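Structural overview for review
As a plain string of letters, each chain reads:
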Number of protein chains: 2
Amino acid sequence: MKPRLALIGCGRMGSRMARRWLQAGFHVTVWNRDREKAAALVADGAVLASTASEAMAACKVVMTMLANGPAVEEVIFDSGASADLASESMLIDMSSICPEMARDHAKRLLQQGVDYLDAPVSGGTSGAEQGTLAIMCGGEASVVDRGRPVFAPLGKVTHVGPHGSGQLTKLCNQVIVATTIGAVAEALLLAQAGGAIPAAVLKALQGGFADSRILREHGQRMVSRDWRPGGITRYQVKDLIAAQEVATAEGVGLPMLDQIKDLFATFQEHDGGDLDHSALLLELERRNPPQRVGDVPDQI
Amino acid sequence: MKPRLALIGCGRMGSRMARRWLQAGFHVTVWNRDREKAAALVADGAVLASTASEAMAACKVVMTMLANGPAVEEVIFDSGASADLASESMLIDMSSICPEMARDHAKRLLQQGVDYLDAPVSGGTSGAEQGTLAIMCGGEASVVDRGRPVFAPLGKVTHVGPHGSGQLTKLCNQVIVATTIGAVAEALLLAQAGGAIPAAVLKALQGGFADSRILREHGQRMVSRDWRPGGITRYQVKDLIAAQEVATAEGVGLPMLDQIKDLFATFQEHDGGDLDHSALLLELERRNPPQRVGDVPDQI
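These figures come from a predicted structure and were not determined experimentally.

**Brief notes about the overall build of chain A**
Helix and strand counts for chain A stand at 13 helices and nine strands. Expected size for 300 residues packed as a compact globule is a radius of gyration near 19 Å; at 21 Å, chain A falls within 12% of this value. With respect to the three principal axes, the spread of C-alpha positions in chain A is 65 × 45 × 35 Å. Expressed as a percentage of the 300 residues in chain A, the buried residues total 60%. By sequence separation, contacts in chain A at least 24 residues apart represent 63% of the contacts at least 6 residues apart. A total accessible area of about 11,200 Å² is found for chain A, and carbon and sulfur atoms account for 50% of it.

Given below as structure tokens:
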């Protein structure tokens, strides 16, 4: 028997996840602050709730997919909706929020007999559509196991540790993503400066040890100079700052993280905030005027 | 008709490449400074030459796979062997040397009517064995095309620009490899410091945007604490310095490259030079004493 699901947050990611669940035969009740986005899912079989509380009270498994921590805080807790969660229900927060806040949410919900998992994802809208998301899950093993049937249509779930560990793993993901983007951007700039053909270099590196999803997807964006997001630079900056905060709290110095955060933050200050994070190449070009790096046009 | 090949340099990479050619039906004459390594290939069908000159004079296509630039300089040029290259033959240098030197070798050989390609590789001994190397090739397009049948048994060749561009691309490869290793090491340290399980985090990240060959292979080495090379730290330092030299010569500032070179160079100074480059994690642990990062044993 499939549990009834509530989904709070039907944006770019949430709406695609809802369709995966509906296609898999789940009963899904949806709510979104901007009602239109939730209503659009009714045609796919979703039930529209008029308030978050109404959606949550009707279901044993409540999923949240909201923009950030403050949004989760406001919609679930400050609104009083959390009080309407049935005891023995579970809340699975798939939003990306800071690990500290996830641990706080876990504690508050456990006090009223509601189980909690933090389960942020990587893989973007294409991963959500195709059910190939990487889902990083923090919480108790038995609760993770109860959640597995719900995660199955979305992608691969991995239990990474106690409450907050899922969010911490998402930050680790962002550290690697941001740093790899920086490495690919520097490599392509070096290639161009030294007289090689960046598009050919990008192709040549595939299959070797430098190969990665970032090389293929974000490297291609750099070569095509396609800066439409995708992953937005100011979210990347926010995540890197959150990772630095955890590192500072734990007394760990991470020099590559510090360097890539500075690069992305400076890029944001130079009007890059709304571009795809692959556009970090523009920040490197800004620092290295075009007359010195061959024929790269000055795009900022 | 397959051209007769000479292979100068039958080490860990060269010997595996020779076997790929022999299996593909090429006639291969081999020479190596340490004769035993070349002689070991006779059982596979190779012909053993007693000098580099002898091997080179007998073949229209000469491949070199030596340790570094000075070794190529010594074995091919200083020894006088280059004078014995037949006119209208071609020398394909698959060693990793600096782009400047590759351009010089190209020029010197062209003066005696010998074509030249720089064609370093990425993919390691496993890539050489399986014929899945990424081959980064610099030179004239028509010469690259003549070389394609010879490259075919080894992996995927990409023409990346004029002479020296193959070597430049290899440096770009190393910038990405080194930086990604740094990112994965920092992410795993952050995960452990924050209370997640590094081995599970490594698994969770696979399939998301952080996924890469480095994450899977070198991340696994970090979790298993297996520092047997693989890719040796001091070679990584050498390559990163070579990349910095190109960047400086072209007037390009690359902050991520500078940061990762400093990290690897410091690790080398702390006795890490002979370990696999994934052991950069040890350098980060050294900077972050174990009592502050959970239960990581102090391994240096």
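What follows picks up the thread again.
**With respect to the relation of the copies chain A and chain B**
With an RMSD of 0.1 Å, chain A superimposes on chain B once it is rotated by 180° and translated 0.0 Å along the axis. Look at the turn and shift together and you get a two-fold axis relating the two. Proximity to the rotation axis, assessed at the C-alpha, singles out Ser 212 of chain A in chain A; its C-alpha lies 2.0 Å from the axis.

**Here's the deal with helix H10 (residues 213-224) of chain A**
When the terminal C-alpha atoms of H10 of chain A are compared, their 16 Å separation across 12 residues agrees well with the 16 Å that a helix rising 1.5 Å per residue should span. The set of residues buried in H10 of chain A consists of Arg 213, Ile 214, Leu 215, His 218, Gly 219 and Met 222 of chain A. Along the axis of H10 of chain A, the buried residues cluster in a sector spanning 170°; they form a single face. Buried-residue contacts for H10 of chain A involve helix H6 (124-130), helix H8 (165-193), helix H9 (198-205) and helix H13 (280-287) of chain A together with helix H8 (165-193) of chain B. Arg 225 of chain A sits one or two positions beyond H10 of chain A and adopts a positive phi of about 50°.

Cut-off values and rules
Residues numbered from 1 in each chain as written. Chains lettered and ligands numbered in written order. Predicted model: local features only at pLDDT ≥ 70, side-chain atom pairs only at ≥ 80, totals over all residues. Heavy atoms only, no water. Helix = DSSP H or I, 4+ residues; strand = E, 2+ residues; numbered from the N terminus. Rg over C-alpha atoms; globule rule 2.2 N^0.38 Å. Buried < 20%, exposed > 50% of the residue type's maximum accessible area, 1.4 Å probe, protein only. Contact = heavy atoms within 4.5 Å. Areas by Shrake-Rupley, 256 points an atom, 1.4 Å probe, with all protein chains shown as cover. Least-squares fit on C-alpha atoms with pLDDT ≥ 70 in both. Expected span 1.5 Å × (residues − 1). Arc of directions from axis to C-beta.

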